[in-house]
Amino acid sequence: MEQQFEQQIDRATAHFRALLETQLARQIRMESGERAKDFSKLATVRIGICGGDGIGPILTREARRVLNALLADEIASGRIELREIEGLTIENRLARGEAVPADTLDAIKACDVLLKGPTTTPKGGTMESANVALRRELDLYANVRPVSVPEEGIDWIFYRENTEGEYVLGSQGIEIPGKLAMDFKVTTDAGTRRIARAAFEYARQNGKTRVAIVTKANIMKKTDGNFSGICHEVAADYPEIEAEDWYIDIMTANLVNPAIRNRFQVFLLPNLYGDIITDEAAQIQGGVGTAGSANIGDRYAMFEAIHGSAPRMIEEGLGEYANPSSLFKAVEMMLRHISRTKQADLLAHAMRICTEEECRVTVTGDRSGATCTAFADYVLETIRKISS
Ligand code: IPM
Ligand code: MG
């Protein structure tokens with residue numbers, strides 16, 4: 001081997017060793033485990049609100065109005081606190097050279113839950129996605145994404161592993177410039193076990209009878225192979241629930257097959273497949289603008305839309321026409337997570353009226369439809385009507 005490559009291989013090998021060490025340490029930390037926070041016991045629940053980039057600040061502005069209306073009494077009494085979190089903008093992140101600037105992360109960690117607008121991720125370069133960094137820093141291992149199309153009997157919930165797979169070392173690959181590039185995919189036993197547990201617990205508590213474990217274990221034999229194996233071990237504790245194995249390619253086809261798609265209930269899958277298939281699922285529901293997403297860990301939780309910051313909408317001057325439904329769904333999930341079930345039900349009911357039953361104000365994402373504010377007004381007015 002040429003001298004030049006020898007050195008590069010040595011450097012890459014040392015890099016790889018360091019990665020193995022940190023990943024093993026992470027797995028060992030996870031094994032020691034943590035107990036989930038009981039929100040019904042907290043004297044004050046602190047909700048951080050973070051605008052993000054592009055259409056994010058527009059959507060969070062409207063979500064804040066919804067929260068203020070639903071939680072008015074508890075905000076007044078101090079049982080709930082809404083905190084604006086500054087600094088999670090692409091300009092600040094680039095200027096500081098940090099995916100999540102340290103002071104912003106501290107402010108987020110001083111809250112119990114976070115409602116977050118989408119953030120822009122620069123393509124290439126070394127800047128990590130703020131989402132990925134937050135999921136890692138707050139250890140938000142379960143990405144929970146519900147999708148429903150009632151008229152078709154579709155009621156899906158995706159449990160996507162949120163801290164490992166292709167994401168955990170996504171910015172730490174190896175390159176021999178002009179020759180080859182290598183990224184890493186990591187599956188830990190503890191990391192898989194906890195997402196599997198979350199999915200099967202959800203299934204049990206919600207009377208679901210089937211969990212689809214979706215991988216590409218025929219090709220990714222170590223990572224996906226272990227993922228599937230561990231999910232089946234966990235499934236053994238839930239004998240009333242059928243655990244089925246599926247490959248991701250055929251599952252993407254299944255989702256667009258109306259003859260069978262409504263038989264699926266709970267999906268349990270590694271990070272990247274979960275990322276891709278939940279966009280597909282959201283599109284079936286009516287677009288990524290309609291789907292909410294929860295990122296749940298044992299100490300923190302973050303709620304967001306499943307879509308990005310839509311820079312194109314901003315460039316075209318259409319930001320105010322963005323659909324806030326996705327973030328409103330995220331608000332509903334957040335309310336459930338902090339045990340504000342009555343308020344969550346109220347918002348869900350209002351959203352059903354506004355987007356399925358009555359649909360007096362429709363957002364299309366361009367000037368043919370209503371603005372984000374007009375739609376939020378409609379939702380607020382509906383909440384007032386059904387709660388009086
Ligand atoms: C999502 C998004 C993120 C992801 C991006 C913004 C990093 O697509 O939440 O699905 O890939 O997980
Ligand atoms: Mg995605």
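These remarks concern the structure in this document. For clarity, every value in this text was computed on a predicted model and none was experimentally measured.

### Notes on the site of ligand 1
- If you check the shell around ligand 1, you find Ser-129, Asn-131, Arg-135, Arg-145, Arg-160, Tyr-167 and Asp-275 and nothing else.
- For ligand 1, an oxygen atom lies 2.6 Å from a polar atom in the side chain of Tyr-167.
- For ligand 1, whose free accessible area comes to 320 Å², the fraction covered by protein is 78%.
- For the shell around ligand 1, the residue count by class is one nonpolar, two polar and four charged.

### Considerations on the environment of Gln-27
- Residue placement: Gln-27 occurs in helix H1 (residues 3-32).
- A relative accessible area of 10% means that Gln-27 is categorised as buried.
- Distance from Gln-27 to Thr-209, taken between C-alpha atoms, is 30 Å for residues 182 residues apart in sequence.
- Each residue touching Gln-27, except ones within four places of it in the same chain, is listed here: Thr-188, Asp-189, Ala-190 and Gly-191.

### Things to note about helix H6 (residues 130-137)
- With respect to burial, H6 is a largely interior element, six of its eight residues being buried.
- Sitting at the head of H6, Ser-129 places a side-chain oxygen 3.1 Å from the backbone nitrogen of Asn-131.
- Of the residues trailing H6, Asp-139 is marked for its positive phi of about 50°.

### So, the pairing of strand S10 (residues 266-269)
- The two faces of S10 match: Val-266 and Leu-268 on one face and Phe-267 and Leu-269 on the other face are all buried.
- With four bridges connecting them, strand S5 (residues 154-161) and S10 associate as parallel partners. Residue pairing for S10: Arg-160 is matched across the bridge by Leu-269.
- Where strand S8 (residues 210-215) meets S10, three bridges bridge the pair, whose relative direction is parallel. Opposite Ile-213, over in S10, you have Leu-268 as the bridge partner.

### What about the packing of aromatic side chains?
- Within this structure, the stated rule accounts for 10 aromatic pairs.
- Aromatic side chains Phe-375 and Tyr-378 sit 6.4 Å apart centroid to centroid with 75° between the ring planes, which places their arrangement in the edge-to-face category. Taken together, the positions of Phe-375 and Tyr-378, both in helix H14 (residues 372-387) and three residues apart, correspond to about one turn of that helix.
- Overall, the relative accessible area of 2% leaves Phe-375 in the buried class.
- Using a relative accessible area of 1% as the deciding quantity, one classes Tyr-378 as buried.
- Through pairs of rings, three or more aromatic residues link up here, namely Trp-156, Phe-158, Trp-246, Phe-264 and Phe-267.
- One Lys or Arg, Arg-160, reaches over the ring of Tyr-167 and ends 5.2 Å from the middle of that ring.
- For the cation-ring pair, Arg-263 lies above Phe-264, with the distance from its terminal atom to the ring centre recorded as 5.2 Å.

### A word on the pattern of salt bridges
- For the structure shown, the criterion picks out 36 salt bridges.
- In this structure, the salt-bridge partner of Glu-164 is Arg-26, at a minimum N-O distance of 3.0 Å. Of this pair, Glu-164 sits in the loop between S5 and strand S6 (174-176) while Arg-26 sits in helix H1, and the two are 138 residues apart along the sequence.
- With relative accessibility at 1%, the residue Glu-164 sits in the buried group.
- Put simply, Arg-65 and Glu-62 hold a salt bridge, and the shortest N to O gap is 2.6 Å. Here the residue Arg-65 and the residue Glu-62 both occupy positions in helix H2 (residues 56-70), the gap between them amounting to three residues, near one helical turn.
- Residue classification places Arg-65 among the partly exposed positions, given a relative accessible area of 29%.
- For Glu-62, a relative accessible area of 1% puts it in the buried group.
- Among the charged side chains, a network of salt bridges with common partners joins Arg-61, Glu-62, Arg-65, Glu-320 and Asp-377.

### Details of the nonpolar core
- Among the nonpolar cores identified, the biggest contains 69 residues, and Ile-47, Leu-268 and Phe-303 are the most heavily contacted of them.
- Shared between two domains, this core takes at least three residues from each, and those domains are domain 1 (33-140 + 297-388) and domain 2 (141-159 + 179-294).
- Ignoring any residue separated from it by four or fewer positions in sequence, one finds Phe-303 in contact with Val-113, Leu-114, Leu-115, Lys-116, Ser-293, Ala-294, Ile-296, Ala-330, Met-333, Met-334 and His-337.
- Ala-99, Leu-114, Leu-134 and Tyr-300 belong to the second largest nonpolar core, which has 17 residues in total.

### Concerning the sheet that holds strand S2 (residues 80-85)
- Spatial strand order, S2-S1-S3-S12-S11-S4-S5-S10-S8-S9: 10 strands in an open sheet with mixed pairing. Strands with a single pairing partner mark the edges of an open sheet, and in this sheet they are S2 and strand S9 (242-247). Averaged over all adjacent pairs, the angle separating strand axes in this sheet is 20°, with direction ignored.
- Here six bridges tie strand S1 (residues 45-50) to S2, and the two strands are oriented parallel to one another. Across the sheet, the residue bridging to Arg-46 is Glu-81, located in S2.

### A few points about the pairing of S8
- Burial of S8 is extensive: six of the six residues sit out of reach of the surface.
- Burial along S8 is two-sided: the face carrying Arg-210, Ala-212 and Val-214 and the face carrying Val-211, Ile-213 and Thr-215 are both buried.
- Direction of pairing for S8 relative to S9: parallel, over a ladder of six bridges. Following the sheet pairing, Ala-212 is matched in S9 by Glu-244.
- Chirality of the crossover, the property in question, places the unit of S8, helix H8 (residues 223-235) and S9 among those that are right-handed.

Definitions and cut-offs
Residues numbered from 1 in each chain as written. Chains lettered and ligands numbered in written order. Predicted model: local features only at pLDDT ≥ 70, side-chain atom pairs only at ≥ 80, totals over all residues. Heavy atoms only, no water. Near = heavy atom within 4 Å. Polar contact = N/O pair within 3.5 Å; in protein donor to acceptor, adjacent residues only side chain to side chain. Areas by Shrake-Rupley, 256 points an atom, 1.4 Å probe, with all protein chains shown as cover. Nonpolar A, V, L, I, M, F, W, Y, C, P; charged D, E, K, R; others polar. Helix = DSSP H or I, 4+ residues; strand = E, 2+ residues; numbered from the N terminus. Buried < 20%, exposed > 50% of the residue type's maximum accessible area, 1.4 Å probe, protein only. Contact = heavy atoms within 4.5 Å. Pairing = 2+ DSSP bridges. Phe/Tyr/Trp six-rings, centres within 6.5 Å; stacked < 30°, edge-to-face > 60°. Lys NZ or Arg CZ within 6 Å of the ring centre and 35° of its normal. Salt bridge = Lys/Arg side-chain N within 4 Å of Asp/Glu carboxyl O. Core = buried A, V, L, I, M, F, W, Y, C linked by side-chain atoms within 4.5 Å. Domains from an automatic or database assignment. Axes fitted to C-alpha atoms, helices over the stretch in contact; angles between N-to-C directions. Right-handed = clockwise from strand over helix to strand, strands pointing away.

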